[in-house]
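One letter stands for each residue in the lines below.
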Amino acid sequence: MSDIRVRIAPSPTGPLHIGTARTALFNVLFARRHGGTFILRLEDTDVARSTLAFEADILAGLHWLGITWDEGPDSAGGEDHGPYGPYRQMLRLARYAEAAADLLARDLAYPCYCTPDELDADRRVQEAAKQPPRYVGRCAALTPAEREARVAEGRAAATRFRVAPGVIGFDDAVRGRVEIDTANLGGDFVIVRGDGTPLYHFTVVVDDAAMRISHVIRGEDHLSNTPKHILLFRALGHPEPVFAHLPLILNPDRTKMSKRKSRTAISDYIAQGFIREALVNYLALLGWSTGSEEEILSFDEIASRFDLDHVQKGGAVFDPERLEWINGQWIRRLDDDDLAARLGPFLEAEHAAGRIDRTPTADEIRTVLPMIRERLPTLGAVGDLIGFLWVDELTVDPATIVPKRWDAATTATALAAARQAIAAVGDVSFESEEIEPPLRALAERRGWKAGDLFMAIRVAVTGRTATPPLFDTLVALGRDRALARLDAAVAGVVSLVG
Ligand code: GLU
C-alpha cells in the first residue's frame, strides 16, 4: 500500500447524487491506480437533515456502482472498520471539541458571543453599503472581563477562527496554481456553534488530518472553501493534503446541474434501467478523458489509466444522449444469462403496473434477446419494445393501423390478404425466412409498397410502430396469436370503412 489515502465524505442529507457518485468514483480510481486506500466517511453533523434512509441510499448506490472502500461503514447504521475510526462524524464530537479547545488555548480562535440579531444587523448594514458579508470582529479582542460579562448575561459562545491577512496559495492537481486573498473569506469564521455543534469547515479538516488524507479530490463547488481549510490545517499543525477540484457537472445548456432542475439521483438512473457498467463508464468520462478516442471502458480499464492530469478544468456537460448510447453499448456486451436476469425485474414491474399480463420466465426472455439486445437504450425500455408478447388481449385503435399513404379500405384488404399469406405458412415452418417471401410477393402483386404493408401488419399485431424486425416479431408471437391479432385488426379497420 502506498501512502495515498483519499476519501469520499458524503452528508446523508439527500439521496446519492450524480456529483457525489462521480467524486467517489474519481477517488476510488485514483486509489486503485496508485495502490492507495479509499475511505468513506459520513459527514452527518447536520442532525436535522441527516437520515438513515439517505445514508442507506448513498451506501447502496455506491455499492451498486461497484465502488468499494477500504475503511469506513459497510452498511447504513452499521459498524465501520479501519484504523482511523469511527468514520461517522457524530461519533467524533469529542475530537472536534478537543481540537477547538486547542485552538482557543493558543488564541488562534476565540469565543464569540454575538447574537443572531447582532449578526443580522451587521449583514443588513453591509448589504445596504453593497459590501460582501463579513464578520465585523466584535468579539475578536474582548478582554477577559468583557467575556465574563457576556457569559454572565447568559450568552452562548460560538468558537470563531481568526483569519489573518494574506494570500493563500496552493497547487491544485487539476486547476494548477490557485491564490485567494484571505480578505475575501468573510472574516473570522465560526468553527463551533454556540450550542456546541461543530461546522463543516472544521470537522472536515480535523478528520482529514486525523485520517491522514493525502489527496482531497472533490467538486469545484468546494474550491472557495479550500483556503479556509488550509488555514485550519496550518493552525492545527498538520501538513496540507494535495487538493484536486473536479469540474462542475453542467446541464446541456451549461447551467449548473441542480437537484431542482435536473435528474440527479443515481436511484432514478437505476430505476430507468441504466446499468452499472455504463454509469461507471459515463461518470468516469464526466471530466476525465483517456486522451484517446476510446469510449467504452470497464472499471478496471479505467483504473489502470486514471490520473488527475487528464481531468479537465472546464465544466463537464452531462449529456443524457451519450449516457444512453454508452448504456446501449454495454447492454450489448452482457451475456444472455446476465441480460435476461437484469431484464427480469423490469418486466416484473411492467406486470405489476398492469401493462403486461404475466411476467415471462428467464427462458422466455432469453429467447427474445437476439431481437432486442441491439435495440435497448435502457433495460426500462424493454416493456415498450416487446411487452406486446405478454399481453393476452391486445387492444389497438384501428385508426393507428392505417398507414399514412393508405386509406382504411386498402388497409383492410391488405391485412386480410396478409393474414391468408401468413396462415399458409404452416405451424412447423413458422420461421422468418418462410414468412417474409410470401408477404413481399403479395405486396409486389398488388402494387403496394412493402413498407406500408409491413407497417400495417406491425401495428396490427403489436399496437406499435417501432418494434423489433417484423418477421421475428411474428415468430415470437407464434402463428395462432399472430393470426388472431390480424383477424381482430381486420375487423377493426373494416369498421372504419363504414
Ligand atoms: N460533506 C461534504 C459534502 O458532501 C464533503 C466535502 C468534501 O469533500 O470536503 O459536500
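This text follows the structure it describes.
Computed from a predicted structure; not experimentally measured.

Draft legend 1. Looking closely at the overall build of the chain. Across its full length, the chain holds 20 helices and 13 strands. Since a compact globule built from 498 residues should have a radius of gyration of about 23 Å, the 32 Å found for the chain marks it as more spread out than a globular shape. Counting only C-alpha atoms and orienting by the principal axes, one finds that the chain spans roughly 105 × 50 × 40 Å. By residue count, 48% of the 498 residues in the chain fall in the buried class. Element-wise, carbon and sulfur atoms account for 51% of the exposed surface of the chain, whose accessible area totals about 22900 Å². With 58 positive and 71 negative side-chain charges, the chain shows a spacing of 5 Å between the two charge centroids.

Draft legend 2. Representation of the state of the cysteines. Counted under the stated rule, the structure contains zero disulfides. The closest cysteine sulfur to the non-disulfide-bonded Cys-112 is located on Cys-114, 3.8 Å from its own sulfur. Its sulfur unpaired, Cys-114 is 3.7 Å from the next cysteine sulfur, which belongs to Cys-139. Looking at Cys-114, the relative accessible area reads 12%, which means it is buried.

Draft legend 3. Looking closely at the site of the ligand. Every residue near the ligand is listed here: Arg-7, Ala-9, Ser-11, Glu-43, Tyr-200, Val-204, Arg-218 and His-222. Measuring from a nitrogen atom of the ligand, one finds a side-chain N or O atom of Ser-11 at 3.0 Å. At 2.9 Å from an oxygen atom of the ligand is found a side-chain nitrogen or oxygen belonging to His-222. A molecule is said to occupy a pocket when more than half its atoms come within 2 Å of that pocket's grid points, and by this definition the ligand occupies the largest pocket. Residues that form the shell around the ligand fall into these classes: three nonpolar, two polar and three charged.

Draft legend 4. Structural context of the side chain of Thr-159. Positionally, Thr-159 belongs in strand β6 (residues 158-161). Excluding anything up to four places from it in sequence, Thr-159 contacts Leu-104, Ala-109, Tyr-110, Phe-189, Val-190, Ile-191 and Val-192.

Draft legend 5. Just the sheet that holds β6, in detail. The three strands lie next to each other as β5-β6-β9, forming an open sheet whose pairing is antiparallel. Of all the strands in the sheet, just β5 (109-112) and β9 (189-192) have a single pairing partner and so form its edges. Pairs of neighbouring strands in the sheet enclose a mean axial angle of 45°, with direction left out of account. Sheet topology places β5 next to β6; four bridges connect them, and they run antiparallel.

Draft legend 6. Summary view of a nonpolar patch on the surface. A contiguous nonpolar surface patch, about 230 Å² in accessible area, is contributed by Val-47, Met-90 and Leu-93. Within the secondary structure layout, Leu-93 lies in helix α3 (residues 93-105).

Draft legend 7. Summary view of helix α18 (residues 450-462). The end-to-end C-alpha distance of α18, which contains 13 residues, comes to 18 Å, matching closely the 18 Å that a straight helix rising 1.5 Å per residue would cover. Where burial is concerned, most of α18 is hidden: 10 out of the 13 residues are buried. Asp-452, Leu-453, Phe-454, Ala-456, Ile-457, Arg-458, Val-459, Ala-460, Val-461 and Thr-462 are the residues of α18 that are buried. With its phi angle positive at about 80°, Gly-463 sits one or two positions after the end of α18.

Draft legend 8. Highlighting unusual backbone geometry. The linkage connecting Gly-85 with the following residue, Pro-86, adopts the cis geometry, with an omega of -5°. With a phi close to 55°, Asp-107 is a non-glycine residue in the positive phi region.

Draft legend 9. Spatial organisation of the nonpolar core. Membership of the largest hydrophobic core comes to 111 residues, with the highest contact counts inside it found for Ile-372, Ile-386, Leu-415 and Leu-453. The residues contacting Leu-415, other than those within four sequence positions of it, are Ile-401, Ala-456, Ile-457, Ala-460, Leu-486, Ala-489, Val-490 and Val-493. Within the second largest apolar cluster, 33 residues are counted, among which are Phe-170, Phe-189, Val-205 and Met-211.

Draft legend 10. View of the side chain of Gln-89. With respect to the element layout, Gln-89 can be found in the loop between β4 (80-81) and α3. Apart from residues no more than four positions distant in its own chain, Gln-89 is found in contact with Arg-41, Leu-42, Glu-43, Asp-44, Thr-45, Tyr-96, Thr-203, Val-204 and Asp-207.

Draft legend 11. Geometry of the layout of surface pockets. When its volume is computed, the largest pocket comes out at roughly 1200 Å³. Mapped by element, the contributors of at least two residues to the lining of the largest pocket are β1 (5-8), α1 (18-33), α6 (200-210) and β10 (215-219). A total of four residues in the lining of the largest pocket trace back to one element, the largest contributor, which is α1. Classifying every residue of the lining of the largest pocket gives 16 nonpolar, 14 polar and 11 charged.

Draft legend 12. Quick look at helix α17 (residues 432-446). Helix length check: α17, at 15 residues, gives a terminal C-alpha distance of 22 Å against a target of 21 Å (1.5 Å per residue), a fit within 8%. Considering only its buried residues, α17 is in contact with α16 (408-424), α18 and α19 (470-477). Gly-447 sits one or two positions beyond α17 and adopts a positive phi of about 70°.

Draft legend 13. View of the pattern of salt bridges. All told, the structure shown has 35 salt bridges when counted by the stated rule. Among the salt bridges present, the one from Asp-208 reaches Arg-7, with a minimum N-O distance of 2.9 Å. Of this pair, Asp-208 sits in helix α6 while Arg-7 is found in strand β1, placing the two residues 201 residues apart along the sequence. The burial state of Asp-208 is the same as that of Arg-7; both residues are buried. Where Arg-332 meets Glu-374, a salt bridge forms, and the shortest distance between an N and an O atom there is 3.7 Å. Placement of Arg-332 in helix α11 (residues 320-333) and of Glu-374 in the loop between α13 (362-372) and α14 (382-386) is noted, with a sequence separation of 42 residues between them.

Draft legend 14. Summary view of the environment of Arg-260. Here Arg-260 is to be found in the loop between β12 (249-250) and α8 (266-272). Residue Arg-260 is classed as exposed on the basis of its relative accessible area, which comes to 78%.

Draft legend 15. Quick peek at the packing of aromatic side chains. Per the counting criterion, the structure on display carries nine aromatic pairs. Seen from their ring centres, Tyr-282 and Phe-318 are 5.3 Å apart, and the 85° between their planes marks the pair as edge-to-face. Taken together, the residues span a long stretch of sequence, with Tyr-282 in helix α9 (residues 276-284) and Phe-318 in the loop between β13 (316-317) and α11 at a distance of 36 residues. Across the pair, Phe-318 and Tyr-282 agree in class, each one buried.

About the criteria used
Throughout, residues of each chain are indexed from 1 in the direction in which the sequence is written. Residues qualify for local features only when their pLDDT is at least 70, as the model is predicted, and side-chain atom pairs are given and counted only at 80 or more; totals for whole chains, interfaces and linings, by contrast, use all residues. Excluding hydrogens and water, the side-chain values take into account all heavy atoms of the structure. Numbering of helices and strands runs from the N terminus; a helix is a DSSP stretch of H or I covering at least four residues, while a strand is a stretch of E covering at least two. The quantity called the radius of gyration is restricted to C-alpha atoms. Its globule counterpart is 2.2 Å times the number of residues to the power 0.38. Summary of the burial criterion: residues with accessible area below 20% of their type's maximum are buried, those above 50% are exposed, and those between are partly exposed, where the area comes from a 1.4 Å probe applied to protein chains only. The protein chains shown are the only cover counted for residues, whose accessible areas, like all others here, come from Shrake-Rupley with a 1.4 Å probe. Only four residue types enter the tally: Lys and Arg on the positive side, Asp and Glu on the negative side; His and the chain ends are excluded. For this purpose, a charge sits on NZ of Lys, CZ of Arg, CG of Asp or CD of Glu. Here, two cysteine sulfur atoms that lie within 2.5 Å of each other are counted as a disulfide. For each residue, the test is whether any non-hydrogen atom lies within 4 Å of the molecule or strand; if one does, the residue is near. Here a polar contact is taken to be a pair of N or O atoms separated by no more than 3.5 Å, where protein atoms must pair a possible hydrogen donor with a possible acceptor and residues adjacent in sequence count only if both atoms sit in side chains. A pocket here means an open set of points on a 1 Å grid, computed over the protein atoms alone, that has protein on both sides within 12 Å along at least five of seven lines. A cavity is instead a set of points where a 1.4 Å probe fits but cannot get out; residues with an atom within 4 Å of a point line either one. A cavity or pocket is said to hold a molecule if more than half of that molecule's atoms lie within 2 Å of its grid points. When residue character is reported, Ala, Val, Leu, Ile, Met, Phe, Trp, Tyr, Cys and Pro are called nonpolar, Asp, Glu, Lys and Arg charged, and the others, Gly included, polar. By definition in these notes, contact holds between two residues if any of their heavy atoms fall within 4.5 Å. A strand pair is defined by DSSP finding two or more bridges across the two strands. The axes are straight lines fitted to the C-alpha atoms, using for helices just the contacting stretch, and the angles between their N-to-C directions are given from 0 to 180°. Without a salt bridge and with relative accessible area above 30%, a residue can belong to a patch; like charges are then joined within 9 Å and nonpolar side chains (Val, Leu, Ile, Met, Phe, Trp, Tyr) within 5 Å. We define a salt bridge as a side-chain nitrogen of Lys or Arg found within 4 Å of a carboxyl oxygen belonging to Asp or Glu. By this rule, a helix spans an expected 1.5 Å times one less than how many residues it contains. We call a set of buried residues a nonpolar core when its members are Ala, Val, Leu, Ile, Met, Phe, Trp, Tyr or Cys and they connect through side-chain atoms within 4.5 Å of each other. Grid points are joined across faces, edges and corners, and a volume is the space filled by probe spheres set on the points. Aromatic rings from Phe, Tyr and Trp, with only the six-membered ring used for Trp, were paired whenever their centres fell within 6.5 Å, and each pair was classed as stacked if the ring planes differed by under 30 degrees, edge-to-face if by over 60, and tilted otherwise.

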